[in-house]
Amino acid sequence: MTASNGEGGKPVVGFIGTGVMGQSMAGHLIDAGYSLNVYNRTEAKCEPLVRKGAKLKGGPGEVAADSDIVITIVGFPKDVEQVYLDPGGVIDRAKPGSLLIDMTTSSPELAERVYNAARPKGLGACDAPVTGGDRGAREATLSILVGGTVEDFNRALPLFKIMGKNIVHLGPAGFGQRAKLANQIIIAGTMLGMCEGLAYARKSGIDIQKLFDCLANGAAGSWSLTNYTPRILNGDFNPGFFVKHFVKDMRLASQSAKDAGFSLKGLETALEQYIKLENDGYAESGTQALYKLYCEE
Ligand code: NAP
């Protein structure tokens, strides 16, 4: 059941977390004709969306009370927990029949807890983390990895199609997050290999631009190589994807693998290097800043 108080009979969407990713994603929903209620911890980050017609709300509970579908993309699992499970938060104040969609990269166990807290209140809940980076969010080409019931997935699909291209239902609550952690394990190795290869080339006196032009479409080609090498060459270490968030993801993946009874050596090495980078003061930089670690050696 979906209430339809919004423009053209569309459900009213609440959007919480308007940072690097959420800003673009929420903007696409407004462009597609949805009425949006928005909230972000730092209120100023809602301003561009308010200028586009979104209504600013005073907190997660207020967003939930006034919306039919609530989307969140905040930073860390503790933020997800606070937004959904705190007294007066989203689950407390959402209208029965509402659908809750968390697109943060968070813990599979927390996704299950949110789902289990939502169901008895007559609320639907999906975990739907994304991949494709800041560029994917801007260009609405994100891959969206979804856990939850088929019914909730189908209800969310029209919104997912506005924000992304490759949208997959992977299983029950928590499975979107598990799939996203697999994605991060792959990227951990890719980023390490990419930065080591570029640093080796630089130390060998190879022109990195020429190397990039030659390798980008070969066997070493990847999303990371294509999108991050130009930024590295330009000395652009801005996020993109924050180092602090990648460390969070690798810690979640490491714990999840340990819980499943095995240890992932490549992931642990990448995590160690990124923790070193974070301790060197690069937590707020983009993940391509790993290259700096190899230049400093
Ligand atoms: P971000 O720029 O830090 O955005 C997160 C936003 O959520 C911030 O504006 C933050 O507010 C807000 N927030 C945090 N806790 C909140 C709370 N309790 N209530 C209301 N708002 C809250 O990070 P991002 O790059 O968009 O990433 C968001 C999530 O997507 C992360 O889990 C990240 O791992 C994941 N992700 C990112 C990328 C990427 O390339 N950037 C790609 C895929 C997935 P403040 O401004 O006050 O901090």
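If you're wondering where the values come from, they're calculated on a predicted model, not measured in any experiment. (Residues numbered from 1 in each chain as written. Predicted model: local features only at pLDDT ≥ 70, side-chain atom pairs only at ≥ 80, totals over all residues. Heavy atoms only, no water.)

A.B. asks: Outline the domain arrangement of the chain, supporting the account with residue identities and numerical values.
C.D. replies: When its domains are assigned, the chain resolves into domain 1 (7-172) and domain 2 (178-293). On a C-alpha basis, the centroid separation for the pair domain 1 and domain 2 is 27 Å. Taken together, the contact between domain 1 and domain 2 spans 19 residues of the former and 16 residues of the latter. The junction of domain 1 with domain 2 conceals about 1,500 Å² of combined surface from both sides, 60% of it contributed by carbon and sulfur atoms. When residues of domain 1 are sorted by the area they lose upon contact with domain 2, F76, T105 and P108 head the list and together hold 31% of the total. Across the contact surface, domain 1 and domain 2 share two salt bridges. Put simply, R178 and E112 hold a salt bridge, and the shortest N to O gap is 3.0 Å. Secondary-structure elements contributing two or more residues to the side of domain 1 that touches domain 2 are α6 (108-118), β7 (130-131) and α7 (133-139). For the side of domain 1 that touches domain 2, a count of residues per class yields eight nonpolar, seven polar and four charged. (Domains from an automatic or database assignment. Contact = heavy atoms within 4.5 Å. Buried area = accessible area lost by both parts, 1.4 Å probe. Salt bridge = Lys/Arg side-chain N within 4 Å of Asp/Glu carboxyl O. Helix = DSSP H or I, 4+ residues; strand = E, 2+ residues; numbered from the N terminus. Nonpolar A, V, L, I, M, F, W, Y, C, P; charged D, E, K, R; others polar.)

A.B. asks: Tell me about the site of the ligand, and please be specific about residues and values.
C.D. replies: Around the ligand there are 27 residues in total, and M21, T42, K45, G75 and K248 lie nearest to it. Take G75: an N or O atom from its main chain is 2.8 Å from an oxygen atom of the ligand. Side-chain polar atom of K248 to an oxygen atom of the ligand: 2.8 Å apart, as the coordinates give it. Here the ligand has 890 Å² of accessible area as a free molecule, and 94% of this is covered by the chains. More than half of the atoms belonging to the ligand lie within 2 Å of the grid points that define the largest pocket. Of all the secondary structure elements, the ones that give two or more residues to the shell around the ligand are α1 (20-31), α4 (77-85), α7 and α12 (243-259). The element best represented in the shell around the ligand is α4, accounting for three residues. (Near = heavy atom within 4 Å. Polar contact = N/O pair within 3.5 Å; in protein donor to acceptor, adjacent residues only side chain to side chain. Areas by Shrake-Rupley, 256 points an atom, 1.4 Å probe, with all protein chains shown as cover. 1 Å grid on protein atoms, 1.4 Å probe; cavity = no way out; pocket = protein on both sides within 12 Å on 5 of 7 lines; lining within 4 Å. Sits in = over half its atoms within 2 Å of the grid points.)

A.B. asks: Break down the packing of helix α9 (residues 175-203) against helix α11 (residues 223-233) for me, with residues and values.
C.D. replies: At a closest axis distance of 11 Å, the pairing of α9 and α11 adopts a crossing angle of 45°. Overall, the two elements α9 and α11 adopt an arrangement that is oblique. Seen along the crossing, α9 lies across α11 with a hand that is right-handed. On the side of α9, the interface is formed by T190, M191, M194 and L198, while α11 contributes S224, L225, Y228, T229 and I232. (Axes fitted to C-alpha atoms, helices over the stretch in contact; angles between N-to-C directions. Parallel < 35°, antiparallel > 145°, perpendicular 65-115°, else oblique. Left-handed = near helix turned anticlockwise from the far one by under 90°.)

A.B. asks: Hey, could you go over the nonpolar core for me, with residue numbers and the actual values?
C.D. replies: Within the largest apolar cluster, 34 residues are counted, with the highest numbers of intra-cluster contacts made by M194, M250, Y274, L277, L290, Y291 and Y294. Per-element tally for this core: the top contributor is α9, with eight residues. Excluding anything up to four places from it in sequence, L277 contacts V243, Y282, A289, L290 and L293. One finds L29, I69, L142 and M163 within the second-largest nonpolar core, a separate group that totals 33 residues. (Core = buried A, V, L, I, M, F, W, Y, C linked by side-chain atoms within 4.5 Å. Buried < 20%, exposed > 50% of the residue type's maximum accessible area, 1.4 Å probe, protein only.)

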